[in-house]
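The chain contents come next:
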Amino acid sequence: MHANTFPVIDLEATGANILRLRQARGLSVRDLQQYFGFEEPQAIYKWQRGKSLPTVDNLYALSILLDVPMNEILVAAGVPQGNITYKEQEQQVKACCSHFVPVRNRARRAWRGDKAA
């Protein structure tokens, strides 16, 4: 993955990862359905087939249930799973996006009359 590419989630690989992690914990789709309080299991099947991703709050809950960090559930597109660490991904994002100044800093500089605004 190049440092200048925008990180994208691989839906199918992430779905396969959710399936693998669920099975490794000995959990059924029904177990997840009950845990999330879903009336039907379709959402979980969609996650596993890579048709959709869990919402951020469901991803967080899933990470707690599976006892893994959220970034270990998600798989970056174009990166073979296990070949890049979270720290390496973080460094790539910093290298790619270091020129961005947070909006609140720009607004603060503009308010103070700094030239960097």
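Everything below is about the structure shown above.
Residues numbered from 1 in each chain as written. Predicted model: local features only at pLDDT ≥ 70, side-chain atom pairs only at ≥ 80, totals over all residues. Heavy atoms only, no water.

Can you tell me about the nonpolar core, naming the residues and giving the values?
Counting residues in each nonpolar core, the largest one holds 14 residues, and the members touching the most others are Leu-32, Phe-36, Leu-62, Leu-66 and Ile-73. Mapped by element, the contributors of at least two residues to this core are helix H1 (11-24), helix H2 (29-36), helix H3 (42-49) and helix H4 (56-66). Sort the elements by how many residues they give to this core and H4 lands first, with four residues. The contact partners of Leu-62, leaving out residues within four places of it in the chain, are Ile-18, Leu-32, Phe-36, Pro-54 and Ile-73. (Core = buried A, V, L, I, M, F, W, Y, C linked by side-chain atoms within 4.5 Å. Buried < 20%, exposed > 50% of the residue type's maximum accessible area, 1.4 Å probe, protein only. Helix = DSSP H or I, 4+ residues; strand = E, 2+ residues; numbered from the N terminus. Contact = heavy atoms within 4.5 Å.)

I'd like a rundown of H4, residues and numbers included.
Residues Asn-58, Leu-59, Ala-61, Leu-62, Ser-63 and Leu-66 constitute the buried set of H4. A positive backbone phi angle near 60° is found at Asp-67, which sits one or two residues after H4.

Break down the packing of aromatic side chains for me, with residues and values.
The description of an aromatic ring pair rests on the distance of the ring centres and on the angle between the ring planes. One pass over the structure, following the stated rule, counts four aromatic pairs. Both rings, one in Tyr-35 and one in Phe-36, keep their centres 5.2 Å apart while their planes meet at 85°; by these two values the pair is edge-to-face. Among the residues examined, Tyr-35 registers a relative accessible area of 38% and is labelled partly exposed. You can call Phe-36 buried: its relative accessible area is 14%. Considering the side-chain rings of Phe-38 and Trp-47, the 6.0 Å spacing of their centres and the 75° angle between planes classify their relative orientation as edge-to-face. (Phe/Tyr/Trp six-rings, centres within 6.5 Å; stacked < 30°, edge-to-face > 60°.)

Tell me about the environment of Gln-48, residues and numbers included.
Of note, Gln-48 is situated in helix H3. Assessed through its relative accessible area of 12%, Gln-48 is described here as buried. Taking C-alpha positions, Gln-48 is 3.9 Å from Gly-15, a pair spaced 33 residues apart along the chain. Excluding its chain neighbours within four sequence positions, the residues that come into contact with Gln-48 are Gly-15, Ala-16, Ile-18, Leu-19, Arg-22 and Val-29.

Before we move on, could you go through H2 and cite the residues and values that matter?
Inspection of H2 places Val-29, Leu-32, Gln-33 and Phe-36 among the buried residues, and these make up the whole buried set. Each buried residue of H2 sits inside an arc of 105° when the element is viewed along its axis, so together they form one side. Exposed and oriented more than 90 degrees from the buried face of H2 are Arg-30 and Gln-34. Buried positions along H2 lie against H1, H3 and H4. Following H2 by one or two positions, Gly-37 has its phi on the positive side, about 75°. (Arc of directions from axis to C-beta.)

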